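# Architecture at a glance
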Amino acid sequence: MSKILFGYVLDPQSATIARVEVDRNAVLPTLYGIIGCDTVDVVEIDAKHDLWVNDNGWLAPCRAAIAPAPNAQRRFFAGTGVVFAHDGDGNCASPHFPP
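So, a few notes on the structure that sits alongside this text. (Residues numbered from 1 in each chain as written. Predicted model: local features only at pLDDT ≥ 70, side-chain atom pairs only at ≥ 80, totals over all residues. Heavy atoms only, no water.)

### A short note on the pairing of strand S7 (residues 81–86)
Here is the key point about a regular strand: its side chains alternate between the two faces of the sheet. Burial runs high along S7: six of the six residues are buried. The alternating pattern of S7 places Gly81, Val83 and Ala85 and Val82, Phe84 and His86 on opposite faces, both of which are buried. Note: strand S1 (residues 4–11) against S7, three bridges, orientation antiparallel. Along S7, the bridge assignment pairs Val9 with Val82. The pairing of strand S4 (residues 49–54) with S7 spans five bridges and is antiparallel. Counterpart to Asp50 in the pairing with S7 is Phe84. Across two bridges, the pairing between S7 and strand S8 (residues 92–93) is antiparallel. Within S8, the residue paired with His86 across the bridge is Cys92. (Buried < 20%, exposed > 50% of the residue type's maximum accessible area, 1.4 Å probe, protein only. Helix = DSSP H or I, 4+ residues; strand = E, 2+ residues; numbered from the N terminus. Pairing = 2+ DSSP bridges.)

Structure representation (structure tokens):
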């Protein structure tokens, strides 16, 4: 298993999606830095993929939001998010759609 996995950073402020590589052993600290938060929440956006967002995103100043999927638990998420896949054990994995 590779020590590096990749995900996609969704930045609604700049309206960009960027690929990011993350050390599998440092996923949470890396997410805190990318998202700009101290705690994260994860929301399943389909059977294989999750959106990681600021757990307190609506409490922080934010000028843009993400609407990930019609079947998501919540419709909008404030601020930057990161998409990863998950494996059968619930661990982060690289997404299953084209890089």
